[in-house]
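# Fold and geometry: a report
The primary structure of each chain is shown beneath.
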Amino acid sequence: MDLGGSNNMRTKHSTTVSLLAFLLAYVFSTFFKASTNVVIPIFQQQFAMSAGVAGFVSSAYFLFYAVMQLLTGPLCRRFGQHKVVGLGYLVSTIGTLVFGFAHSSAMVLIGRILIGIGVGPVYIAAIAFMTDNFEGRTYAIMIGLVTAFGGFGSAVSSAPLQFIVSKFGVIHTFIGLSALTGILAILIFSLSKSYVPRLQVEKEGSDEILGTLVKGCKAIIKSPSLIYITIGWMLLCAFQHSYQGLWSASWFGYAFPKFSTVSGYSSTVVSIGTIVGTLISEKLHKRDLPRNITIIQGEWMFALGCVLVCVAHCIGSFGIKADSTIAIVIMLTADFYFGFTAGHGPVQRMAYARTLTDTATNATVIGVMNAGGCVAVMFYQWLSGVVFDALSTSHSPNASFVIPYTILAAVIMITTAISVRVYRKKR
């Protein structure tokens, strides 16, 4: 669908090729984000890292990823999405090699930092690209498509990565990944010459990176709805990426020790749920229903998903044996539902945020939100590891995960109840 811009073949071709390139780039971004779920436990054993240290090393990715969320919107307006993502992926290529060849926890940390810096721009650049080319319902569908591809990257980073690493080892696996990211970096950078946006986008002030960032922050502060979208996004990221992206395999193994060899399937099923949730999210939004109402429904669905994840890990306390097939079915069903709600919610949030912001600042506003989400992930990955170390001296390993995540689920429920009143006012 061509929306308000040039209808010539050059525009259509450049938009289609760029769209595919950004979707593929986001696959790698989410892959690296969640790959620690499989790889960090290997390094944790190899370098004798505690859960707290492992959480800190994994979370370092999100610190620098968060910085890039703040800078990417303004940088894209000044230099273009392709150049920003292309150069970033060259940095991630170096980080991937450092990570793969790590012979100490310090090298693992440095590798994660470089990868975080490199892939950090992808999501916001993709949002900026969608903003430049699509509007209305089509925009929401495209955001869902981006998130769905991200879910695929997360899925590959779990059970499939676990299999590949077992066959080829960490070093050879990440050498291959570095080659792929390097090729992708060159491809995306080269597309900058032929890309023509479909919509006329206001470029005024695009050279003032700090000014654009300040404008985006002010837009959030002035809108109660945007404030609560940001808070909800932070809590979603904290739960999803600390659970799916770091601890799900370990937690699954502790809760269901008989099935520990398939622990990677937990994160994979979450990713499958996310893909489904993002692809049908806009279908769940009825055309005659205000989008803020759909957001309210999505918030409650996600809160329930968090609770179900915690309950499913305690299935043995409800009279169902943890070593039974039915227990695994219940656990993976909870993972799927959780992933579904984690995919549905962001699509509706981003679509609603689009209606509350102008085209020139939309990507920057979402960048600020995503930066907040990254900080939340960084904090909770570290905190959950520290809490696990503290509780495991007097509680079972399973309980040491259940307690902090149950508390976080309660916080999400309370926040959701408060945000409902704000969303109903449609501000």
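Our structure's up above, just so we're on the same page.
Below or above, wherever it landed, is the structure these notes cover. Because the structure is predicted, anything quoted here is derived from the model rather than measured.

### Brief notes about helix α3 (residues 51–79)
Taking 1.5 Å as the rise per residue, α3 with 29 residues should run 42 Å; its terminal C-alpha atoms sit 41 Å apart, in good agreement. Along its length, α3 reaches its greatest deviation from straightness, about 40 degrees, at Leu-71, and the proline Pro-74 lies no more than four positions downstream. Positive phi appears at Gly-80, one or two residues downstream of α3, with a value of about 100 degrees.

### Looking at the packing of α3 against helix α4 (residues 81–100)
Closest axis-to-axis distance for the α3/α4 pair is 7 Å, and the angle between their directions is 120 degrees. One way to sum up the angle between α3 and α4 is to call them oblique. Contact residues: α3 offers Thr-72, Leu-75, Cys-76 and Phe-79, while α4 offers Gln-81, Lys-83 and Val-84. Its residues assigned to classes, the contact of α3 with α4 comprises 4 nonpolar, 2 polar and 1 charged.

### Section: the packing of helix α2 (residues 36–46) against helix α8 (residues 159–190)
Orientation of α2 relative to α8, taken along the N-to-C sense of each, is 65 degrees, at an axis distance of 11 Å. Once α2 is placed against α8, the crossing between them reads as right-handed. Each of Val-38, Val-39, Ile-42 and Phe-43 in α2 lies in contact with α8, whose residues at this interface are Leu-161, Gln-162, Val-165, Val-170 and Phe-174.

### Let's talk about empty space enclosed by the protein
Regions of empty space are outlined by a rolling probe, equal in size to a water molecule, passed over the atoms. Counted by the stated rule, this structure contains 3 cavities of 30 Å³ or more. A volume near 310 Å³ is recorded for the largest cavity. Contributing to the lining of the largest cavity are 25 residues, with Tyr-26, Thr-30, Lys-33, Gln-240 and His-241 lying nearest its centre. Those elements that provide at least two residues to the lining of the largest cavity are α1 (9–34), α3, α7 (136–156), α10 (224–255), α11 (265–284), α13 (325–356) and α14 (359–391). With 6 residues, α10 is the largest single contributor of residues to the lining of the largest cavity. Looking at the lining of the largest cavity, its residues break down into 12 nonpolar, 12 polar and 1 charged. Of the volumes computed, that of the second largest cavity is approximately 60 Å³. Lining the second largest cavity we find Tyr-228, Gly-232, Leu-235, Glu-299, Phe-302, Arg-349, Ile-412, Thr-415, Thr-416, Ser-419 and Tyr-423. The element best represented in the lining of the second largest cavity is helix α15 (residues 397–424), accounting for 5 residues. Here the lining of the second largest cavity is composed, by residue class, of 5 nonpolar, 4 polar and 2 charged.

### Topic: the packing of aromatic side chains
All told, the structure shown has 25 aromatic pairs when counted by the stated rule. With a centroid separation of 5.3 Å and 35 degrees between ring planes, the pair formed by Tyr-26 and Tyr-123 is classed as tilted. Pair noted here: Tyr-26 is in helix α1 and Tyr-123 is in helix α6 (residues 122–133), with a separation of 97 residues, a long-range link. Of the two residues, Tyr-26 and Tyr-123, neither departs from the other in class, the shared state being buried. Pairing Phe-302 with Phe-338 gives two aromatic rings, centres 5.6 Å apart and planes at 35 degrees, and the pair type is tilted. Placement of Phe-302 in helix α12 (residues 291–313) and of Phe-338 in helix α13 is noted, with a sequence separation of 36 residues between them. By the burial criterion, Phe-302 is buried, and Phe-338 matches it. Taken together, the aromatic side chains of Phe-239, Tyr-243, Trp-247, Trp-251, Tyr-254, Phe-302, Phe-338, Tyr-380, Phe-388, Phe-401 and Tyr-405 make up a single cluster linked through ring pairs. Directly above the aromatic system of Tyr-139 lies the positively charged group of Arg-354, at a separation of 5.2 Å from the ring centroid.

Definitions and cut-offs
- Residues numbered from 1 in each chain as written.
- Predicted model: local features only at pLDDT ≥ 70, side-chain atom pairs only at ≥ 80, totals over all residues.
- Heavy atoms only, no water.
- Helix = DSSP H or I, 4+ residues; strand = E, 2+ residues; numbered from the N terminus.
- Expected span 1.5 Å × (residues − 1).
- Bend = angle between axes of the 7 residues up to and from the residue.
- Axes fitted to C-alpha atoms, helices over the stretch in contact; angles between N-to-C directions.
- Parallel < 35°, antiparallel > 145°, perpendicular 65-115°, else oblique.
- Contact = heavy atoms within 4.5 Å.
- Nonpolar A, V, L, I, M, F, W, Y, C, P; charged D, E, K, R; others polar.
- Left-handed = near helix turned anticlockwise from the far one by under 90°.
- 1 Å grid on protein atoms, 1.4 Å probe; cavity = no way out; pocket = protein on both sides within 12 Å on 5 of 7 lines; lining within 4 Å.
- Points joined across faces, edges and corners; volume = space filled by probe spheres on them.
- Phe/Tyr/Trp six-rings, centres within 6.5 Å; stacked < 30°, edge-to-face > 60°.
- Buried < 20%, exposed > 50% of the residue type's maximum accessible area, 1.4 Å probe, protein only.
- Lys NZ or Arg CZ within 6 Å of the ring centre and 35° of its normal.

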